[in-house]
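Reading the structure
The lines below spell out each chain.
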Amino acid sequence: MLIEAAQHLDRHPGPLGHFFRRLAQKKNRNVAVVAGARKLATIAWLMLTSNEPYRDALPSTTGAKWSRLRIKATRQRCRGGSAKGEKPTAKLPGGSGTIKALAEVDDSECLPQTGSLTAGEQRVVERTECGDFVPRIAQTQVAPRRPVKPAGRSEH
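What counts, and at which threshold
Residue numbers run consecutively from 1 along every chain, following the written order of its sequence. In view of the model being predicted, local features appear only for residues whose pLDDT reaches at least 70, and side-chain atom pairs are presented and counted only at 80 or more, with totals across whole chains, interfaces and linings using the full set of residues. In computing side-chain properties, one takes all heavy atoms of the structure into account and sets aside hydrogens as well as water. Think of it this way: any DSSP run of H or I at least four residues long counts as a helix, any run of E at least two long counts as a strand, and we number them from the N terminus. Partly exposed describes any residue whose relative accessible area lies between the buried limit of under 20% and the exposed limit of over 50%, with all areas from a 1.4 Å probe on protein chains only and scaled to the type maximum. Whether two residues are in contact is decided by their heavy atoms: any pair within 4.5 Å suffices. In short, Shrake-Rupley with a 1.4 Å probe defines the accessible areas, and a residue's cover is counted only from the protein chains shown. Nonpolar side chains (Val, Leu, Ile, Met, Phe, Trp, Tyr) are joined into patches within 5 Å and like charges within 9 Å, using only residues with over 30% relative accessible area and no salt bridge. Each salt bridge in this description consists of a side-chain nitrogen of Lys or Arg and a carboxyl oxygen of Asp or Glu lying within 4 Å of one another. His is not counted, nor are the chain ends; Lys and Arg add positive charge and Asp and Glu add negative charge. Throughout, a charge is located at the NZ atom of Lys, the CZ atom of Arg, the CG atom of Asp or the CD atom of Glu. Between N-to-C directions, angles span 0 to 180 degrees; the directions come from axes that are lines fitted to C-alpha atoms, helices contributing only their stretch in contact. Note on terminology: angles under 35 degrees are roughly parallel, angles over 145 are roughly antiparallel, angles of 65 to 115 are roughly perpendicular, and the others are oblique. In this scheme, a crossing is called left-handed if the near helix is turned counterclockwise away from the far one by less than a right angle; it is called right-handed if the turn is clockwise. Residues are sorted three ways: Asp, Glu, Lys and Arg are charged, Ala, Val, Leu, Ile, Met, Phe, Trp, Tyr, Cys and Pro are nonpolar, and all the rest, Gly among them, are polar.

Here the focus is the overall build of the chain. Tallying secondary structure elements over the chain gives 7 helices and 2 strands in all. The secondary structure elements of the chain, listed N-terminal to C-terminal, are α-α-α-α-β-α-α-α-β. Going through the 156 residues of the chain one by one, you find that 24% of them count as buried. Taking the intrachain contacts of the chain between residues at least 6 apart in sequence as the baseline, contacts between residues at least 24 apart amount to 68%. Summed over all atoms, the accessible surface of the chain reaches about 12100 Å², with 55% contributed by carbon and sulfur.

As a further point, take a positive patch on the surface. Where like charges cluster on the molecular surface, the positive patch consists of Arg22, Lys26, Lys27, Arg38, Lys39, Arg123 and Arg127. At the level of secondary structure, the elements contributing two or more residues to the positive patch comprise α2 (15–26), α3 (29–50) and α6 (119–127). For Lys27, the position within the fold is in the loop between α2 and α3.

Two numbers describe how α2 lies on α3: the axes approach to 8 Å, and their chain directions differ by 155°. As summarised for this structure, α2 and α3 are arranged roughly antiparallel, according to the angle between their axes. Between α2 and α3 lies a crossing of right-handed hand. Across the interface between the two elements, Leu16, Phe19, Phe20, Leu23 and Ala24 of α2 pack against Arg29, Val31, Ala32, Val33, Ala35, Gly36, Lys39, Leu40 and Ile43 of α3. Taken together, the residues of the contact of α2 with α3 break down into 11 nonpolar, 1 polar and 2 charged.

This paragraph deals with unusual backbone geometry. Notably, Asn51 is not glycine yet its phi reads approximately 55°, a positive angle. Within the element layout of this structure, Asn51 appears in the loop between α3 and α4 (59–74). With a relative accessible area of 56%, Asn51 lands in the exposed category.

Rendered as structure tokens:
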């Protein structure tokens with residue numbers, strides 16, 4: 001299962017994705033996959049022993065996964081959105097969505113809070129040129145809505 005997860009590290013924007021892409025340039029892709037799987041196993045072990053969530057997770061996908069897990073376990077959905085009778089207003093023209101910060105996602109799902117980056121983690125972020133990724137997941141973002149494709153006839 002770790003190998004399957006490591007196969008997709010080339011698309012991850014954080015430090016793990018950078019590690020994988022850098023290693024895949026130097027060595028065979030299969031070597032990079034195995035190294036990425038080992039790194040994932042090490043990170044998982046450290047997360048379990050320190051009781052801390054993964055700090056480089058993408059907030060949008062993490063929130064959706066935790067929400068689905070909560071619904072399966074407790075059958076409780078979180079109520080959100082505008083109050084009844086109140087018209088929602090878009091923050092961007094054409095509509096928008098709000099992506100919570102990773103700390104807000106962890107807090108809303110009652111997960112332990114992550115501490116600040118250690119000196120070693122800060123060096124890794126600087127060395128992997130992910131300096132814009134870490135602050136981006138630490139703050140709330142407003143993302144434009146994806147354009148809806150018009151329903152048209154398919155011509156054969």
